[in-house]
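# Results of the structural survey
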Amino acid sequence: MNILSNTTKVKISKKRLGRGIGSGKGKTSGRGVKGQKSRSGVAIKSFEGGQMPLYRRLPKRGFNPINRKKIAKINLDQIQSFIDNKRVNPESGINLDTLKKNNIINKSYLKYKILANGNLTSKINIEADFSSVSAKAKIEKLGGVLKIKNSK
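Presented here is a report on the structure given in the accompanying data block. (Residues numbered from 1 in each chain as written. Predicted model: local features only at pLDDT ≥ 70, side-chain atom pairs only at ≥ 80, totals over all residues. Heavy atoms only, no water.)

## A closer look at the pattern of salt bridges
Going by this rule: A pairing counts as a salt bridge when a side-chain nitrogen of Lys or Arg comes within 4 Å of a carboxyl oxygen of Asp or Glu. Between buried and exposed lies partly exposed: a residue is buried under 20% and exposed over 50% of the maximum accessible area for its type, with that area taken using a 1.4 Å probe on protein chains only. What counts as a helix is a DSSP run of H or I of at least four residues, what counts as a strand is a run of E of at least two, and both are numbered from the N terminus.
Evaluation of the coordinates by the stated rule reveals two salt bridges. Its salt-bridge partner being Glu 48, residue Arg 57 comes within 3.6 Å of it at the nearest N-O pair. Classification of Arg 57 as partly exposed rests on a relative accessible area of 44%. The exposure class of Glu 48 is partly exposed, given its relative accessible area of 30%. The salt bridge involving Lys 149 is made with Asp 129; its shortest N-O contact spans 3.9 Å. Here Asp 129 lies in the loop between β3 (125–128) and β4 (130–131) and Lys 149 lies in the segment after β5 (145–148), a separation of 20 residues in the sequence.

## Comments concerning the environment of Ser 132
Operational definition: Any two residues whose heavy atoms approach within 4.5 Å at even a single point are treated as in contact.
Along the chain, Ser 132 turns up in the loop between β4 and α4 (133–141). For the pair Ser 132 and Ala 116, spaced 16 residues apart in the sequence, the C-alpha separation amounts to 6.8 Å. Setting aside residues no more than four positions away along its own chain, Ser 132 makes contact with Lys 113, Ile 114, Leu 115 and Ala 116.

## Focus: helix α2 (residues 76–84)
At 3.6 residues per turn, the α-helix brings residues three or four places apart onto the same side. Quick note on the threshold: What the arc describes is the spread of directions from the helix axis to the C-beta atoms.
Within the sequence span of α2, burial applies to Leu 76, Ile 79, Gln 80, Phe 82 and Ile 83. Each buried residue of α2 sits inside an arc of 160 degrees when the element is viewed along its axis, so together they form one side. For α2, the elements touching its buried residues are β1 (71–75), β2 (111–115), β3 and α4. Just past α2, the residue Lys 86 takes up positive phi, approximately 60 degrees.

If you want it as structure tokens, here you go:
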């Protein structure tokens, strides 16, 4: 006979420990004999006998991806302010090398993205790795050219 059926609820009670020899789980209640693990209140999951535990020997990584690509972000209003301050020449074209040369983007960045925050008043020719759709629309509206590099 199948005792597990959909119509009746079957509750199997858990094995009661320490209720005499005849129960099969009497005396030491399945804990073995003596030792730290046979006592109550024991928590030795990552204890390694005083040796520095593995979780403390390994470096912390957390939520910092190991192979994250560093991408600089630059807004259109920032580009406009650099043009106004004559730090960037819009006629010669703007790319990663010119931005690094003028200390606008840190040398550690290998790629950069153009974002559309702020207004652009100058016509610019710019070469970037990434761009937002609205930034591209704002640049092309003024007659500028945005060239996106084919990079992975």
